[in-house]
Amino acid sequence: MEGPTETMMNLRVGQTVVRVAGGDEGVAVAGETSLRGPPSPTGLPYASDKHPKLALANINMLQKRRELCDVVLIVGARKIFAHRVILSACSPYFHAMFTSELLEARQTEVPIRDIDEHAVDLLVNFCYTSEITIEESNVQTLLPAACLLQMQEIQDVCCEFLKQQLHPSNCLGIRAFADTHSCRDLLRIADKFTQHNFQEVMESEEFMELPVNQLMDIISSDELNVRSEEQVFSAVMAWVKYNVTERRPYLAQVLEHVRLPLLSPKFLVGTVGSDLLIKSDEACRDLVDEAKNYLLLPQERPLMQGPRTRPRKPIKTGEVLFAVGGWCSGDAIASVERFEPTTCEWRMVAPMSKRRCGVGVAVLSDLLYAVGGHDGQSYLNSVERYDPQTNQWLCEVAPTSTCRTSVGVAVLDGYLYAVGGQDGVSCLNVVER
């Protein structure tokens, strides 16, 4: 009986050729024959995208089930079970604690004092999940906790959140909070916001409760955004009179940062010089006399230059664009929108008192004027003025002598001009100032 048909093939394993005999029985014989066919790759590199997420999810599950946990953080009345290696990988504070000769490195239960327990719970959860939600209700406890545990990423996120919350009513509190916790970038942003919005900030409750050193720090800035130095003086006096018994001794010290020589003579004499608190303080009277000399002796001004004679130079944040009136659904409208180039967003502001299409607009002394137009029924000669600081339209502006729409409006040398247009009968060549 003949044996089974035998077929042979060669495989190279490393530098050894393996001859495989085919048929009913598989036999492998090592030999010295050469490889037949193209060479095979020696390896296949592979990196898993799923592994980090899956591993972190499994580690998080271990923590939730309190499995293999080797440390318990005691924070207030709360016990937080965790793994030293995870905490050390996410927090330099814990890494230093668990790899040093400190007693905590060997303790099973580690107390963490002077820190909010809910904040620590959120931060430990972040270590296991890479997720956290910053809210108004927790940011003031999360930021100090993240600073203590040296979790820089969470500090940055908290500061970014607070930047978005800045408002004239809270910027001073955020500024002080950033200063306390050494958040330099947030402090810088809050400081700039306070300076730019000073006219609204000075009316807030936070401003009235400022410590004297913070007040002086703010009003001494060259970049304070005010229309005139009179606003700074009014803000300072309002702050003093908010608690006159305790703050009166600081009046002269604070008044040094008000640039009295830049006030108008009428305001300096009639308002500043006649104030009873200032008249009763010798150092304040000296500051007023200095300002009077500066105003009365213009030829001596080059010799009298100093911090109080230097005009403020607020940082310009760019111009804004207004869309005023027009047509909508076949009718004239009174709505007005404002475009902010810094945020690339349109938002509605106060509407005009009248609907106007074909209205002429121009800006004079930081006020927006709307001249003439058509309200859908008749041609108008009324003029309105918008103040962006108060978001209000004032209608006490003299009307033009001619009713007209599609009127050209321009500003030249401090005057407002209305040029041409049409009155419904004919085009006009009338120009008014």
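Refer to the structure presented above.
Residues numbered from 1 in each chain as written. Predicted model: local features only at pLDDT ≥ 70, side-chain atom pairs only at ≥ 80, totals over all residues. Heavy atoms only, no water.

1. Description of the overall build of the protein
- Per the secondary structure count, the protein includes 17 helices and 18 strands.
- In the protein, 50% of the contacts between residues at least 6 apart in sequence involve partners at least 24 apart. (Helix = DSSP H or I, 4+ residues; strand = E, 2+ residues; numbered from the N terminus. Contact = heavy atoms within 4.5 Å.)

2. Focus on the pairing of strand β15 (residues 392-397)
- By the bridge criterion, 4 bridges tie strand β14 (residues 383-387) to β15 in an arrangement that is antiparallel. Bridged to aspartate 387 within β15 is glutamine 392.
- Counting the residues that bridge the hairpin from β14 to β15 gives 4 residues, and of these asparagine 391 lies at a positive phi of roughly 55 degrees. (Pairing = 2+ DSSP bridges.)

3. A word on the packing of helix α5 (residues 139-148) against helix α6 (residues 152-164)
- Running from N to C, α5 and α6 point in directions that differ by 150 degrees, and their axes come no closer than 9 Å. Judged by the inter-axis angle, α5 sits roughly antiparallel to α6. For the crossing formed where α5 meets α6, the hand is left-handed. The segment α5 lies against α6, with Val139, Leu142, Leu143, Ala146 and Cys147 engaging Ile154, Gln155, Cys158, Cys159, Phe161 and Leu162.
- Looking at the contact of α5 with α6, its residues break down into 10 nonpolar, 1 polar and no charged. (Axes fitted to C-alpha atoms, helices over the stretch in contact; angles between N-to-C directions. Parallel < 35°, antiparallel > 145°, perpendicular 65-115°, else oblique. Left-handed = near helix turned anticlockwise from the far one by under 90°. Nonpolar A, V, L, I, M, F, W, Y, C, P; charged D, E, K, R; others polar.)

4. Some thoughts on the environment of threonine 309
- Among the secondary structure elements, threonine 309 is positioned in the loop between α17 (282-296) and β7 (321-324).
- For threonine 309, a relative accessible area of 7% corresponds to the buried category.
- A sequence separation of 48 residues divides threonine 309 from proline 261, and the C-alpha atoms of the two residues are 5.9 Å apart.
- Leaving out residues up to four positions away in the same chain, threonine 309 has contacts with Pro261, Leu262, Tyr294 and Met304. (Buried < 20%, exposed > 50% of the residue type's maximum accessible area, 1.4 Å probe, protein only.)

5. Thoughts on the sheet that holds β7
- An order of β7-β10-β11 is seen for the 3 strands of this open sheet, with the pairing classed as antiparallel. Single-partner strands in this sheet number two, and they are β7 and β11 (345-349). Averaged over all neighbouring strand pairs, the angle between strand axes comes to 25 degrees, with direction disregarded.
- With 4 bridges connecting them, β7 and strand β10 (residues 336-340) associate as antiparallel partners. Across the sheet, residue leucine 321 finds its bridge partner in β10, namely phenylalanine 339.

6. Some details on the environment of cysteine 147
- Topologically, cysteine 147 is positioned in helix α5.
- For cysteine 147, a relative accessible area of 23% puts it in the partly exposed group.

7. Some points on the pattern of salt bridges
- What the rule picks out here adds up to 18 salt bridges.
- Between lysine 79 and glutamate 109 there is a salt bridge, and its shortest N-O distance comes to 3.6 Å. Here the residue lysine 79 occupies a position in strand β5 (residues 78-82), and glutamate 109 occupies one in strand β6 (residues 109-111), the gap between them amounting to 30 residues.
- In the salt-bridge network here, residues are joined through shared partners; they are Glu160, Lys163, Asp185 and Arg188. (Salt bridge = Lys/Arg side-chain N within 4 Å of Asp/Glu carboxyl O.)

8. A short note on the nonpolar core
- Leu73, Phe198, Phe207, Phe233, Leu260, Val272 and Ile278 are the most contacted members of the largest nonpolar core, which has 78 residues in total.
- Not counting residues up to four positions away in its chain, the partners in contact with phenylalanine 207 are Leu172, Phe198, Val201, Met202, Leu215, Ala235 and Trp239. (Core = buried A, V, L, I, M, F, W, Y, C linked by side-chain atoms within 4.5 Å.)

9. Here we look at the pairing of strand β16 (residues 408-412)
- The pairing of β16 with strand β17 (residues 415-419) spans 5 bridges and is antiparallel. Bridge assignment links valine 411 to a residue of β17, and that residue is leucine 416.
- Counted along the chain from β16 to the antiparallel partner β17, the turn is 2 residues long, and its residue aspartate 413 has a positive phi close to 55 degrees.

10. Notes on the packing of aromatic side chains
- By the definition in use, this model includes 7 aromatic pairs.
- Considering the side-chain rings of tyrosine 386 and tryptophan 393, the 5.1 Å spacing of their centres and the 40 degrees angle between planes classify their relative orientation as tilted. Each member of the pair, tyrosine 386 together with tryptophan 393, is buried.
- Each member of the aromatic cluster is reached from another via a ring pair, and the members are Tyr93, Phe94 and Phe98.
- Stacked on the ring of tyrosine 294, the Lys or Arg arginine 301 has its end atom at 5.0 Å from the ring centre.
- Note that arginine 433 overlies the ring of tyrosine 415, its terminal NZ or CZ placed 3.9 Å from the centroid. (Phe/Tyr/Trp six-rings, centres within 6.5 Å; stacked < 30°, edge-to-face > 60°. Lys NZ or Arg CZ within 6 Å of the ring centre and 35° of its normal.)

11. What about the sheet that holds β15?
- If you trace the 4 strands from one edge of the open sheet to the other, you get β12-β13-β14-β15, paired in antiparallel fashion. The two strands at the open ends of the sheet, each matched to only one other strand, are β12 (360-364) and β15. In this sheet, neighbouring strand axes are inclined to one another by 30 degrees on average, regardless of whether the strands run parallel or antiparallel.
- Bridging between strand β13 (residues 367-371) and β14 involves 4 bridges; their strand directions are antiparallel. Directly across from alanine 370, in β14, lies its bridge partner glutamate 384.

12. Points about the environment of arginine 285
- Checked against the element boundaries, arginine 285 lands in helix α17.
- The exposure class assigned to arginine 285 is partly exposed, which follows from its relative accessible area of 37%.
- Residues arginine 285 and alanine 252, 33 residues apart in the sequence, show an inter-C-alpha distance of 8.9 Å.
- Excluding anything up to four places from it in sequence, arginine 285 contacts Ile278, Lys279 and Ser280.
- Only 2.8 Å separates the side chain of arginine 285 from the backbone oxygen of lysine 279, close enough to count as a polar contact. (Polar contact = N/O pair within 3.5 Å; in protein donor to acceptor, adjacent residues only side chain to side chain.)

13. With respect to α17
- With 15 residues, α17 ought to run about 21 Å at 1.5 Å a step, and its terminal C-alpha atoms sit 21 Å apart, in line with that.
- Along α17, the residues that are buried comprise Cys284, Leu287, Val288, Ala291 and Tyr294. Down the axis of α17, the buried side of the element spans an arc of 120 degrees, and every buried residue falls inside it. Looking at α17, the residues exposed on the side facing more than 90 degrees away from the buried face are Glu282 and Leu296.
- Tucked inside the fold, the buried residues of α17 contact α14 (251-255), α15 (265-272) and α16 (276-279). (Expected span 1.5 Å × (residues − 1). Arc of directions from axis to C-beta.)

In short, geometric facts, not functional conclusions.
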